[in-house]
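Architecture and fold: a report
Okay, here's what each chain looks like letter by letter:
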Amino acid sequence: MAQQYNNPNAQNIKKRYSVLAFIKGSTAPLVLYVKEPQQLYDQLADLMQSQKTVLFEQDTEGPIKKVCFMSNQLSAIAIQEEQYM
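Summarised in this report is the structure supplied together with it. Being a predicted model, the structure only gives us computed values, none of them experimental.

1. What to know about the sheet that holds strand β1 (residues 14–23)
- Read across the open sheet, the three strands follow the order β2-β1-β5; overall the sheet is antiparallel. Taken across any chain shown, the strands that pair with only one partner, and hence form the sheet edges, are β2 (30–32) and β5 (74–84). Neighbour-to-neighbour, the strand axes of the sheet open up by a mean angle of 30°, direction not taken into account.
- Against the sheet, helix α2 (residues 37–49) engages β1, β2 and β5, with an angle of about 170° to β5.

2. Quick notes on the side chain of E82
- As for its placement among the helices and strands, E82 is situated in strand β5.
- Judged by its relative accessible area of 16%, E82 falls in the buried class.
- Of the polar contacts made by the side chain of E82, one reaches the side chain of Q80; its length is 2.7 Å.
- Residues within four places of E82 in sequence aside, it is in contact with K14, K15, R16, S18, V31 and Y33.

3. Things to note about the packing of aromatic side chains
- Summed over all chains, the structure comprises one aromatic pair.
- For the pair F56 and F69, a centre-to-centre distance of 5.2 Å together with 40° between the ring planes defines the contact as tilted. Taken as a pair, F56 in strand β3 (residues 55–59) and F69 in strand β4 (residues 66–70) lie far apart in primary sequence, 13 residues in all. When sorted by exposure, F56 lands in the same class as F69, which is buried.
- The side chain of R16 reaches across the aromatic face of Y84, ending 4.8 Å from its centre.

The rules behind each value
Counting restarts for each chain, with residues numbered from 1 along the sequence as it is written. Residues qualify for local features only when their pLDDT is at least 70, as the model is predicted, and side-chain atom pairs are given and counted only at 80 or more; totals for whole chains, interfaces and linings, by contrast, use all residues. Side-chain metrics rest on all non-hydrogen atoms present in the structure, leaving aside hydrogens and water. A pair of strands is considered paired only if DSSP assigns at least 2 bridges between the two. Segments assigned H or I by DSSP are reported as helices when at least four residues long, segments assigned E as strands when at least two residues long, and all are numbered from the N terminus. With axes taken as lines fitted to C-alpha atoms, and helix axes fitted only over the stretch in contact, angles between N-to-C directions fall between 0 and 180 degrees. By definition in these notes, contact holds between two residues if any of their heavy atoms fall within 4.5 Å. Only protein chains enter the accessibility calculation, which uses a 1.4 Å probe. A residue is then buried if its area is under 20% of the maximum for its type, exposed if over 50%, and partly exposed in between. Polar contacts, as used here, are pairs of N or O atoms within 3.5 Å; protein pairs need one atom able to donate a hydrogen and one able to accept it. Residues neighboring in sequence count only if both atoms are side-chain atoms. Pairing of aromatic rings covers Phe, Tyr and Trp, the last counted by its six-membered ring, and requires centre-to-centre distances within 6.5 Å; plane angles under 30 degrees mean stacked, over 60 mean edge-to-face, and any other angle means tilted. Lysine NZ or arginine CZ positioned within 6 Å of the ring centre and within 35 degrees of the ring normal marks a charge as sitting over the ring.

Below, the structure is given as structure tokens:
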């Protein structure tokens, strides 16, 4: 831990956020990188609360370029903070 604070490269560490979408029956979440993660999180939370089933489609900026799923297949969502250089 002490090395972490004495590391001259520590100032190069950046943070990025992703939205994790947990799909029913899937073992791993979808990791979605977007410009406004809080906005996407709120949108997905509204879909989860709705009784109406709709097709959700979103363009993303990470390894997954576009995602599509039915809103009733969404079981949980989260925002994840990642550090990178």
